Amino acid sequence: MGQPEGDGVENFAVVGQSVFRKDGHQKVTGQALHVGNIEMPGMLHVAVLRSPYAHARIVRVDKSKAENLPGVAAVLTGADIAKMPGVDPYFGPAFRDQPILAVDKVCYVGDPVIAVAARDKRTAEDALQLVEVEYDPLPAVLDVLASIRPESPLVHEQHRPAKAFADLAHVKAGQQSNICYHFKLRTGDVDRAFAEADQVFEDTFSSPPAQHMPLEPHVTLVYLDENQRVNVWSASQTPSYVRTELSQTFGIPMNRIRVRIPYLGGGYGAKLYAKLEPLVTALALITKKPVRYALTREEEFLTITKHKVIAKIKSAVKNGVITARKCQVYWDTGAYAEIGPRIVHKSGYTSAGPYRIPNVWIDSYCVYTNHVPAGAFRGFGVPQVIWAYDSQMDIIARAIGADPFEFRMKHALEEGEKFATGTPVRSFGVKQSIQEAADAVGWSRPRPAQGGTKLRGRGIAAGVKAVLTPSISGAIVMMNADGTVNVLSSTVEMGQGSETMMGQIVAEELGVSFDQVHVVQPDTDITPYDTITAGSRSTYHMGNAVRLAAAKVKAELFQVVAKKLEVNADDLVASGGRIYVGGSEERGLTISQAFLAKFGSLGTTLTAEAVCQPEAIPMDPETGQSEKCTEYWFPSATSVEVEIDPETGRVQLLQFYSVGDTGTAINPRHCEQQLLGSAITHLGLSLFEEMIFDEGQLVNGSLLDYQVASIKDLPETIRPIIVQVPHESGPFGAKGVGETGTLTVSAAIANAIHDAIGIRIRDLPITPEKVLRGLAERRGEVLPKDDAR
Amino acid sequence: MKQEITLRINGRDENVTVEDADTLLEVLRDRFKLWSVREGCGVGACGTCTVLMDGRPVSSCFLLAVRAVGKEILTIEGLSEGEHLHDIQEAFVNHRALQCAYCTPGFVLAVKALLEEMPHPSDEQIREYLSGNLCRCGGYSDILRAVRAAEEKMQPG
């Protein structure tokens, strides 16, 4: 992608400055708009009856009593939806496998079966009590490794690809298997390397299903306007996709659907693709009334999860160097594939790590089970594979007597070397990140003093994520005659500071002040297509789109000024709200003067659109090889010092450093905030978060029973460190940072625990119980088994 | 059963007819449109719906509206005057102690109660006091800094 001239990290007015966020005032006063604040006259509320079975046929439904309850507007079943003319009762971004409401069978405990729309929530809930549903239970598959066996019961008889995204074009229709997607990578001669190895290391690591826990649960409001157009207000990270999905599901032209997204009370991947929108749209179409459905926290637990992953990793070592690695990664995607195949692909191909390993073999499987569907979770599956490979990096280093830091540095890929996919890496600050992490925690200093009976240790971990490629961001920049600017973008502001980032980039490009730029919130009637607000892609993709659109507006203004002043447009600069000849500021016009010169009228606008659409070269389906599998990489490293109480098994973090290569930091303070915030969330995921199931039934599905990190879990010393390796085609050299801090937390903590007490934990979360069991085993004792699991 | 009660909300007496089972959260949102009060978990475990009752933080999702009769209820709408932010709010903005900000009203009110109860809390006391308020964006270190800045501003010397 071409860059306007004059680039350099220095000499920027707004980019690189830690300006305050645009939405601070309205948020701190509690006045920011959320979907839950929007009310419509006659609005109906929704309650949903959910399956008590992990897998069962629906034999009979009797809803007549519920329908006769005063205040009830509709009682809807999957069979009713299937009868709506032109409606596809199934939706989904990878496979159209998820019913809006269960059609003939239920596939997990919590699967929506009946929906009631009524004048208030209590009436809707009362109506559910009057519905009778008879089920015929089917054998369920509740274990990801059991599910792949040929004799296992099938969750779905057929897999129907959705064709919604270009990067999923290779997903194929399948049947007679619970594996809905299988990614393969083959490079070098793995068998030979294992045969010739000095040592072979084989380990299995697991990560549990977990909750995103945005404090604002999913909420969607749909109404038909005076033109009978479908209007959607939703807490979603994907306005463009929601419109496409509703159009395909209901057979409604795209310009008869309007999706608007106000501020999100957190997303973290939970609010991607379609969730409540198809159901609420069906209810609005049937009742002809505004309908709002707000999930309870308990329903949130039954809607989407982080993938449970079992990763088997086998590495060959010869002369102190890793010569081969074989990874088998099994992803429990639950009852509906959702975006599982994309995760299994994009994260699967990084399973061997950012290291120089000549022979690599990867199998990554997306597996249906009768569990709650799993989807994208901040990090998009990469934390689960780094948990495996960077725990094993330490295992290998310790076993061969190498320093874990030096062992990583020795293997980390250098600029231009090929990743396991065959793609040469660019802007790849992995070694810089490892070095910063090691320096911060004082790696070269002697081991920390032991604190009495408590034992201390240090750990480091590194890893990398590749941005989703291809993907698309479109933007429109509209300059007003007074020099103010409106930016039209479908990027969703969910706390990450995207409005601020776009404001900085556009202000920089147009030479106006940051305060003069207004970013319009996503509205599919006016904001162009964007693939997704996720995956650490918005700063790069939408940042490039708004910058290029702004550059087009600027070029047009330059033409006007050049003509008016009879100067060469190439000599002009835009700065401080003026356009003038570089070096002689007096030879120029204000933006208002330039507008008057062009239009001769007040209130005019100058508008340009741009699209950022990086391409990838499709991978070979058998070997996973591609000369370009991704547009950019974002490296991460974490270092920690822990203190362990051998009496209680409690792990305390004394020091915690989160390092990320962000490229040029558009807003350094916000980049640091992204690193730390995602790291702290992942600290909870590493130490205690886990959704526990018993025969498919979630046991701890409320915030009383499911613990997340609070301020008490904040480590005593915690610091973000940004490494800035500029990207040649990023906006001002920027990459992405939303997920970086999540990537390497778990492995760093486990490595530090091993350093402290010599115990290797291979199953997340690292609970005190697991630490105590490890210590007991080392003493030769056997603790009683926990029957609760 | 329906009954008419008087609630004192943000310094004004308000008459409202409620059901016995109505929570304070439901009444504040649905009847008085105080949208800063938000439900996060429904079981009093996340602090998102925090309001102050006679100066003490309570989870409004877990409190019946009838139990709030005769008490002073403060929501974030009653904290700042016009465009002028309260010192704690200003500290939250300046120290970037908000991201998605769904938790922010609850945090700001909890910090107000904290600093009124303990004008110079230790780090340990801050952590203990605020441990019932969750921030899933993970902004706890920014929030700690904001508390210290607010403390300084509100209690010079």
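Every value quoted in this text rests on a predicted model; they were computed, and no experiment measured them.

1. Structural notes on the overall build of chain B
What chain B contains, in helices and strands, is five helices and five strands. The helix and strand sequence of chain B, counted from the amino end, reads β-β-α-β-β-β-α-α-α-α. A compact globule built from 157 residues would reach a C-alpha radius of gyration of about 15 Å, and chain B, at 16 Å, matches this within 12%. Overall, chain B is about 50 × 30 × 25 Å in size when its C-alpha atoms are taken along their principal axes. Buried positions account for 53% of the 157 residues belonging to chain B. Pairs at least 24 apart in sequence give 59% of the contacts found in chain B among residues at least 6 apart.

2. Notes on the overall build of chain A
Assigned secondary structure in chain A consists of 19 helices and 34 strands. In terms of C-alpha radius of gyration, chain A reaches 27 Å, essentially the compact-globule figure of 28 Å for 789 residues. Taken along the three principal axes of its C-alpha coordinates, chain A extends 90 × 75 × 50 Å. A buried classification covers 60% of the 789 residues belonging to chain A. Considering only intrachain contacts with a sequence separation of at least 6, the fraction spanning at least 24 residues in chain A is 79%.

3. Notes on the environment of E499 of chain A
Residue and element names in this part refer to chain A. Following the sequence through the fold, E499 ends up in helix α14 (residues 498-510). Its 22 C-beta neighbours within 10 Å are what place E499 among the buried residues. When the C-alpha atoms of E499 and K121 are compared, they prove to be 34 Å apart, with 378 residues separating the residues in sequence.

4. Some points on the confidence of the model for chain A
Averaged over chain A, the pLDDT score is 95; the fraction of residues at 70 or greater is 98%. pLDDT under 50 marks residues 1-9 of chain A. Its contacts with residues more than four places away, or in other chains, come to eight contacts.

5. Points about the interface of chain B and chain A
Listed as interface residues are 39 residues of chain B and, on the opposing side, 39 residues of chain A. Counting only elements with at least two residues in the side of chain B that touches chain A, the list comes to α2 (87-94), α3 (104-117) and α5 (140-154) of chain B. With four residues, α5 of chain B is the single largest residue contributor to the side of chain B that touches chain A.

6. Regarding the nonpolar core
Formed by 304 residues in total, the largest nonpolar core has its most connected members in V116 and I753 of chain A. Per element, the largest residue contribution to this core is 13 residues, and it comes from helix α15 (residues 538-565) of chain A.

7. Thoughts on unusual backbone geometry
Residues and elements named next belong to chain A. Cis geometry marks the peptide bond from T469 to P470, where omega comes out at 0 degrees. Relative to the elements of secondary structure, P470 occurs in the loop between β22 (455-466) and β23 (473-480). Along the chain, L764 connects to P765 via a cis peptide bond; the corresponding omega equals -5 degrees. By the secondary structure assignment, P765 is in the loop between α18 (745-757) and α19 (768-778). Of note in this structure, M213 is not a glycine but carries a positive phi near 60 degrees.

8. Here we look at the sheet that holds strand β27 (residues 578-581) of chain A
Residues and elements named next belong to chain A. Taken together, three strands build an open sheet; the order of strands is β26-β27-β28 and the sheet is antiparallel. Because the sheet does not close on itself, it has two edges, and the strands there are β26 (572-575) and β28 (584-590). The sheet shows a mean angle of 35 degrees between the axes of neighbouring strands, direction not considered. Pairing geometry for β27 and β28, over four bridges, is antiparallel. When the bridges of β28 are listed, Y580 appears paired with G588.

9. Some details on the sheet that holds strand β7 (residues 112-118) of chain A
Residues and elements named next belong to chain A. Judged by pairing direction, the sheet is mixed, and its seven strands sit side by side in the order β3-β7-β1-β16-β13-β14-β15 without closing on themselves. At either margin of the open sheet sits one strand with a lone partner, and together these are β3 (72-77) and β15 (257-260). With strand direction ignored, the average angle separating the axes of adjacent strands in the sheet is 20 degrees. Strands in contact with helix α7 (residues 239-250) are β14 (230-234) and β15; relative to β15, the strand with the most contacts, it is inclined by about 150 degrees.

10. Things to note about the pairing of strand β3 (residues 50-53) of chain B
Residue and element names in this part refer to chain B. Taken together, the four bridges between β3 and strand β4 (residues 56-59) define a ladder with antiparallel strand orientation. Residue L52 lies in a different strand from β4, and its bridge partner there is P57. Between the antiparallel neighbours β3 and β4 lie two residues, among them D54 with a positive phi of about 50 degrees. Bridge count for β3 against strand β5 (residues 72-74) is two bridges, and the pairing is antiparallel. Paired with L52 across the bridge in β5 is L74.

11. Topic: the confidence of the model for chain B
Here chain B averages 96 in pLDDT, and 99% of its residues register 70 or above. Across the interface, the model reports ipTM at 0.97; the global pTM reads 0.96.

12. Quick notes on α2 of chain B
Residues spaced three or four apart along an α-helix face the same direction, because each turn holds 3.6 residues. Residues and elements named next belong to chain B. For α2, the full list of buried residues reads I88, Q89, A91 and F92. With its buried residues spanning 160 degrees around the axis, α2 presents them on a single face. At the exit of α2 stands R96, carrying a positive phi of roughly 55 degrees.

13. What to know about helix α11 (residues 382-399) of chain A
For α11 of chain A, spanning 18 residues, the distance from its first C-alpha to its last is 25 Å, which sits close to the expected 26 Å at 1.5 Å a residue. In terms of burial, α11 of chain A is largely enclosed, as 16 of its 18 residues are buried.

14. Things to note about the pairing of β3 of chain A
All names here are of chain A. The element β3 is extensively covered by neighbouring structure, given that six of its six residues are classed as buried. By the bridge criterion, five bridges tie β3 to β7 in an arrangement that is antiparallel. Pairing of A74 across the sheet is with A117, part of β7.

15. Some words on the environment of T29 of chain A
You can see T29 of chain A is positioned in the loop between α1 (24-28) and β1 (44-50). Beyond its immediate stretch of four places on either side in the chain, T29 of chain A contacts I76, S80 and Q89 of chain B.

16. Section: the packing of α11 of chain A against helix α12 (residues 404-411) of chain A
Residue and element names in this part refer to chain A. At a minimum axis distance of 9 Å, the contact between α11 and α12 shows a crossing angle of 110 degrees. Taken together, the axes of α11 and α12 are roughly perpendicular relative to one another. Where α11 crosses over α12, the two elements pack in a sense that is right-handed. Between α11 and α12, the residues in contact are M393, D394 and A397 and P404, F407 and R408, respectively.

17. Side note on the packing of α12 of chain A against helix α13 (residues 430-440) of chain A
All names here are of chain A. Two elements in contact, α12 and α13, have axes whose closest approach is 10 Å; the angle formed by their N-to-C orientations is 165 degrees. Between α12 and α13, the crossing angle belongs to the class labelled roughly antiparallel. In this structure, α12 crosses over α13, and the sense of that crossing is left-handed. Contacts from F405, R408 and M409 in α12 reach K431, I434 and A438 in α13. The residue makeup of the contact of α12 with α13, split by class, is four nonpolar, no polar and two charged.

Cut-offs and rules
One numbering rule holds for all chains: residues counted from 1, following each sequence as written. Here every chain gets a letter starting at A, and every ligand a number starting at 1, in the order they are written. With the structure being a predicted model, the display of local features is reserved for residues of pLDDT at least 70 and the display and counting of side-chain atom pairs for 80 or more, all residues being used for whole-chain, interface and lining totals. Strands here mean DSSP runs of E at least two residues long; helices mean DSSP runs of H or I at least four residues long; both are numbered from the N terminus. Atoms counted for the radius of gyration: C-alpha only. Globule rule: 2.2 Å times the number of residues to the power 0.38. Residues are called buried when their C-beta atom has 20 or more other C-beta atoms within 10 Å, exposed when it has 12 or fewer, and partly exposed otherwise; all C-beta atoms are positioned from the backbone. Any residue pair is listed as a contact if its two C-beta atoms, each placed from the backbone, are within 7 Å. As a per-residue measure, pLDDT tells how confident the predictor is, with possible values from 0 to 100. Joining buried Ala, Val, Leu, Ile, Met, Phe, Trp, Tyr and Cys residues through C-beta atoms within 7 Å gives a set, and that set is a nonpolar core. Only strands that DSSP links by at least two bridges are regarded as paired with each other. Here, axes are lines fitted to C-alpha atoms. For helices the fit covers the stretch in contact, and angles between N-to-C directions go from 0 to 180 degrees. The directions considered for the arc run from the helix axis to the C-beta atoms. In this scheme, a helix's expected span is set at 1.5 Å multiplied by one less than its residue total. Oblique is the label for every angle not falling under 35 degrees (roughly parallel), over 145 degrees (roughly antiparallel), or within 65 to 115 degrees (roughly perpendicular). Put simply, a crossing is left-handed when the front helix is turned counterclockwise from the back one by less than a right angle, and right-handed when it is turned clockwise. Each residue gets one label: Ala, Val, Leu, Ile, Met, Phe, Trp, Tyr, Cys and Pro are nonpolar, Asp, Glu, Lys and Arg are charged, and the others, such as Gly, are polar.

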